[in-house]
Amino acid sequence: MNKIKESIIAIIFIGINLTSCSNNESTHDATGTFESTEIIVSSEANGKVLSFTIEEGSEVKANQEVGVIDGTNLELQKNQVLASMDAIQQKQNDAGPQIEILKRQLNAADLDINTLMTQLEVIVIEQNRLKNLYKSEAATKQQLDEINGQVDILNKQILAAKSKKEVMNAQIQSARDVVKIQNRGISSEKKPMQEQIAIINNQLSKTKVLNPIDGTILTTYINAGEFVTIGKPLYKLADITEMDLRAYITGNQLPGVNIGQNVAVYIDNADGGDKSYTGQIAWISDKAEFTPKTIQTKDERSNLVYAIKIKVKNDGFIKIGMYGEVDFKTQSGEK
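First, a word on scope: everything that follows refers to the structure included in this document.

Cut-off values and rules
- Here the residue numbers are simple positions, counted from 1 along each chain's written sequence.
- With the structure being a predicted model, the display of local features is reserved for residues of pLDDT at least 70 and the display and counting of side-chain atom pairs for 80 or more, all residues being used for whole-chain, interface and lining totals.
- Computation of side-chain values covers all heavy atoms of the structure but excludes hydrogens and water.
- Geometry of aromatic contacts follows a simple scheme: Phe, Tyr and Trp rings, the Trp one being its six-membered ring, pair when their centres are within 6.5 Å, and the pair is stacked under 30 degrees between planes, edge-to-face over 60, tilted otherwise.
- Helix and strand definitions follow DSSP, with helices as H or I runs of at least four residues and strands as E runs of at least two, each counted in order from the N terminus.
- Buried means the residue's accessible area, taken with a 1.4 Å probe over protein chains only, is under 20% of the maximum for its type, while exposed means over 50%, and partly exposed covers the values in between.
- In this scheme, the term charge over a ring applies when either NZ of a lysine or CZ of an arginine sits within 6 Å of the ring centre and within 35 degrees of the ring normal.
- By the convention used here, strands pair only if DSSP detects at least 2 bridges between them.

1. Notes on the packing of aromatic side chains
Two aromatic rings, taken as a pair, are described by how far apart their centres are and by the angle between their planes.
Right, on to step 1. In total, this model carries one aromatic pair according to the counting rule given.
Right, on to step 2. Here F52 and Y235 contribute two aromatic rings whose centre-to-centre distance is 6.2 Å and whose plane-to-plane angle is 50°, an arrangement assigned as tilted. Of this pair, F52 sits in strand β3 (residues 47-52) while Y235 sits in strand β9 (residues 233-238), placing them 183 residues apart in sequence. Of the two residues examined, F52 and Y235, each falls in the buried class.
Right, on to step 3. In this arrangement the basic side chain of K309 is found over the ring face of W283, its NZ or CZ atom lying 5.8 Å from the centre.

2. Considering the pairing of strand β14 (residues 304-313)
On a regular strand, each side chain points to the face opposite its neighbour's, so the side chains alternate between the two faces of the sheet.
Right, on to step 1. The pairing of strand β10 (residues 242-250) with β14 spans nine bridges and is classified as antiparallel. Each bridged residue has a counterpart across the sheet, and for A247 the counterpart in β14 is I308.
Right, on to step 2. With five bridges connecting them, strand β12 (residues 274-284) and β14 associate as antiparallel partners. Counterpart to W283 in the pairing with β14 is K309.
Right, on to step 3. Note: strand β13 (residues 289-290) against β14, two bridges, orientation antiparallel. Counterpart to E289 in the pairing with β14 is V305.

3. Some words on the sheet that holds strand β5 (residues 65-69)
Right, on to step 1. Ordered in space as β6-β5-β3-β8, the four strands form an open sheet in which the pairing is antiparallel. In this open sheet, the two edge strands, each paired with only one partner strand, are β6 (208-210) and β8 (227-228).
Right, on to step 2. Summarising the sheet, β3 and β8 pair through two bridges and their orientation is antiparallel. Looking at β8, one finds that G47 is bridged to V228.

4. Notes on unusual backbone geometry
Right, on to step 1. At N63, a residue that is not glycine, the phi angle is positive and equals roughly 65°.
Right, on to step 2. Mapped onto the secondary structure, N63 falls in the loop between β4 (59-60) and β5.
Right, on to step 3. Take N63: its relative accessible area is 60%, and that puts it in the exposed class.
Right, on to step 4. The residue E137 is not glycine, and still its phi comes out positive at about 60°.
Right, on to step 5. Within the element layout of this structure, E137 appears in the loop between α3 (96-135) and α4 (141-205).
Right, on to step 6. Under the relative-accessibility criterion, E137 is labelled exposed at 74%.

In structure tokens:
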């Protein structure tokens, strides 16, 4: 009789537990997992990692230098190209010395012209005096002819000096043009080298590993002292200050969900209860898909659902991959 009573009590206890479990089923409108946009930063240079200053979990800022890759070979290549450019520069011609000589000759020619002009002024005065004397028969025709000849000679000397000066000016311009043409060919050899220097400088800039965004380091793939090549992953990071809860809703729920709508989001806390957040729907898929395989029963997986993303400000408790639950009720309690 006692055994029968014990069996009845056990059956009642099990029934109570089953009822309790049934009542504890989630009443939230949707569930999903938290995710964030993850970025894998790869090497943009070949060489030995001289320094790598970040660790998993550390916070980094945009444009923060987090590592340095050895760029010695690039520096050597740059110095070699610079030396070649210096050698080309030495080959360039300079018209300066030749032009300087011609300018001195020009100055001398100007002095000669000034001297001849002074002499001409004096002789012209004498010529005019003799003309007056000849009219008054106080001077002979021979004297007048001689002075006229001297004036003609001085005028011809002045014209010759001016012509010589024009030739010198032409020689100066010619010297400049010839050197310019010669140096143009030499300068054309420098242009590819300047481009090469620009390429090397760009490569050298990439030996400094600059972090692209503000975020948290999730995984590191290398250590200081290792050799890396272009494209080798260095670390992975994500901005987890704001998380995305990717959840799924049915077609029946779809009309009541809108982009920009505020919703309640819950995660499990340490004491077994819920920790709540306010989230905002940022994206709703325009295509239906089968329920993901993370849903436990086969029947539920065969249902068509729509994916949504909900933005949630992270206070440090939300982790990537953590489960979250969504309630589409507004703060006033209406759906």
